[in-house]
Amino acid sequence: MAPRTCPKCNSKSENPAACDNCGLNFAEYEQAKLEKLGEVHRLLSENRFREAKQVAEKLPAQFPDKRTDFVLLLSNISRDISIVEKYELAQKAYEAGDYAQACLLLRNIKAFDCTLNERVVSLRRKAERPLHDSEQFNRALEAFNRGDYAVARPLFQGISGRREETAEYLQKIDARTREALGEAIDCINSGRIVQ
């Protein structure tokens, strides 16, 4: 049987069960590694990112044979912690009505964890809607002010927020349209139409 390299001390061992140099039991070592990795994944699935990071920070020293894998895992956890912090800031901005700031914080975030990613996408959509409504309201208001009711009406109707304000402008459009129609009928009836 070929000698086995010890994952802890890196020496060659003729014993397939334990290291001849440091006495490490290979099966116990692998079992401990799997348990620690399982603990990290359990904490991540529970969105306990900071606790997962604390456990993952110890893994490269405890299991040097998988150091690179654990450093990558730690990097991903750190990235998700940063995303969680941005998400929390964005949530506060959204609750304060600062939708532009919320959208800015959430822009281009792709979380490692799928549930966190779903929350990020959901909040981004909620924050983008009032911004879109505000922009559309401004376009509708410009059209209304220049008397272009055919453009203003559908823009006001497409706004999901600002219900009272949009309803007021839609009523004004209806009233002004009725006035113009009434004036046109009066002109026709009185024969004041210029041909």
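Treat the numbers as computed from the prediction; the structure is a model and nothing was measured.

S.K.: How do you make sense of the environment of Phe 26 when you look at a structure like this?
M.R.: Mapped onto the elements, Phe 26 comes out in helix H1 (residues 26–45). Of the residues examined, Phe 26 reaches a relative accessible area of 2% and is grouped as buried. In sequence terms Phe 26 and Arg 4 are 22 residues apart; their C-alpha atoms lie 9.8 Å from each other. Not counting chain neighbours up to four residues away, the residues in contact with Phe 26 comprise Arg 4, Cys 6, Pro 7, Ser 13, Asn 15, Pro 16, Ala 17, Ala 18 and Cys 19.

S.K.: Can you walk me through the environment of Gly 161 in this structure?
M.R.: Looking at the element boundaries, Gly 161 is found in the loop between helix H6 (149–157) and helix H7 (163–190). Given the relative accessible area of 24%, Gly 161 is considered partly exposed. C-alpha separation for the pair Gly 161 and Ser 75, spaced 86 residues apart in sequence, amounts to 41 Å. Not counting the four nearest positions on each side in its chain, Gly 161 is found in contact with Asp 133 and Thr 166.

S.K.: What am I meant to see in the packing of H6 against H7 here?
M.R.: Angle between the axes and distance between the axes: these two values describe a pair of packed helices. Orientation of H6 relative to H7, taken along the N-to-C sense of each, is 150°, at an axis distance of 10 Å. For the element pair H6 / H7, the angle class is roughly antiparallel. H6 and H7 meet at a crossing whose hand is left-handed. Contacts from Tyr 149, Ala 152, Arg 153, Phe 156 and Gln 157 in H6 reach Thr 166, Tyr 169, Leu 170, Ile 173, Asp 174 and Arg 176 in H7. Residues of the contact of H6 with H7, tallied by class, amount to six nonpolar, two polar and three charged.

What counts as what
- Residues numbered from 1 in each chain as written.
- Predicted model: local features only at pLDDT ≥ 70, side-chain atom pairs only at ≥ 80, totals over all residues.
- Heavy atoms only, no water.
- Helix = DSSP H or I, 4+ residues; strand = E, 2+ residues; numbered from the N terminus.
- Buried < 20%, exposed > 50% of the residue type's maximum accessible area, 1.4 Å probe, protein only.
- Contact = heavy atoms within 4.5 Å.
- Axes fitted to C-alpha atoms, helices over the stretch in contact; angles between N-to-C directions.
- Parallel < 35°, antiparallel > 145°, perpendicular 65-115°, else oblique.
- Left-handed = near helix turned anticlockwise from the far one by under 90°.
- Nonpolar A, V, L, I, M, F, W, Y, C, P; charged D, E, K, R; others polar.

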